[in-house]
Amino acid sequence: MEDIDRQRALAYFERLGKERVRLYTAIDCDRYLGDWQVRELADQWLDAKNAEDMPKTLGLPLWRRLLSNRRL
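Just so you know, these numbers come straight off a predicted model, no measurement behind them.

Thresholds, definitions, all that
Residues numbered from 1 in each chain as written. Predicted model: local features only at pLDDT ≥ 70, side-chain atom pairs only at ≥ 80, totals over all residues. Heavy atoms only, no water. Helix = DSSP H or I, 4+ residues; strand = E, 2+ residues; numbered from the N terminus. Buried < 20%, exposed > 50% of the residue type's maximum accessible area, 1.4 Å probe, protein only. Contact = heavy atoms within 4.5 Å. Areas by Shrake-Rupley, 256 points an atom, 1.4 Å probe, with all protein chains shown as cover. Expected span 1.5 Å × (residues − 1). Arc of directions from axis to C-beta. Core = buried A, V, L, I, M, F, W, Y, C linked by side-chain atoms within 4.5 Å. Axes fitted to C-alpha atoms, helices over the stretch in contact; angles between N-to-C directions. Parallel < 35°, antiparallel > 145°, perpendicular 65-115°, else oblique. Left-handed = near helix turned anticlockwise from the far one by under 90°.

(A) Focus on the overall build of the protein. Counting its secondary structure elements, the protein contains four helices and zero strands. Seen in sequence order, the protein has helices and strands lined up from the N terminus as α-α-α-α. When burial is assessed residue by residue, the protein has 22% of its 72 residues classed as buried. For the protein, long-range pairs separated by at least 24 residues make up 59% of all intrachain contacts whose partners lie at least 6 apart in sequence. For the protein, the accessible surface area stands at approximately 5,800 Å², while carbon and sulfur atoms represent 51% of it.

(B) Structural context of the side chain of Lys-49. Relative to the assigned elements, Lys-49 resides in helix 3 (residues 36-53). By relative accessible area, which is 19% here, Lys-49 ends up buried. In contact with Lys-49, not counting residues within four places along its chain, are Glu-14 and Lys-18.

(C) Molecular detail of helix 3. End to end, helix 3 covers 26 Å across 18 residues, agreeing with the expected 26 Å (1.5 Å per residue, within 8%). What helix 3 keeps buried is the set Val-38, Leu-41, Ala-42, Trp-45, Leu-46 and Lys-49. Taken end-on, helix 3 shows its buried residues confined to a sector of 140 degrees, consistent with a single buried face. What points out from helix 3, more than 90 degrees from its buried face, is the exposed set Trp-36 and Asp-47.

(D) Highlighting the nonpolar core. Counting residues in each nonpolar core, the largest one holds 13 residues, and the members touching the most others are Phe-13, Val-21, Leu-33 and Trp-45. Listed by contribution, the elements that provide at least two residues to this core are helix 1 (3-16), helix 2 (18-32) and helix 3. When residues of this core are assigned to their parent elements, the largest contribution, five residues, is made by helix 3. Contacts of Trp-45, omitting those with residues within four sequence positions, involve Leu-10, Phe-13, Glu-14, Gly-17, Lys-18 and Val-21.

(E) Up close: the packing of helix 1 against helix 3. Between helix 1 and helix 3, the least distance of the axes is 11 Å, while the angle of their chain directions is 50 degrees. In terms of their interaxial angle, helix 1 and helix 3 are classed as oblique. As helix 1 packs across helix 3, the resulting crossing turns out to be right-handed. For the pair helix 1 and helix 3, the contacting residues are Arg-6, Ala-9, Leu-10, Phe-13 and Glu-14 in the first and Val-38, Leu-41, Ala-42, Gln-44, Trp-45 and Lys-49 in the second.

As structure tokens, then:
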């Protein structure tokens, strides 16, 4: 996949949103998004979006998470 095609696909994913891209990849990626390269790119994009949404405390060790919960 060329870089320009990759950029266009990523821009398309941004316009669709995370839920719709997840739905399209689950139903029939070839029909809605494109070939296997686009499917892999969609999976990578979804992983990145999920990592952005993950709370920062999940990356901390267990003892720090427990201490931060006690402060609340």
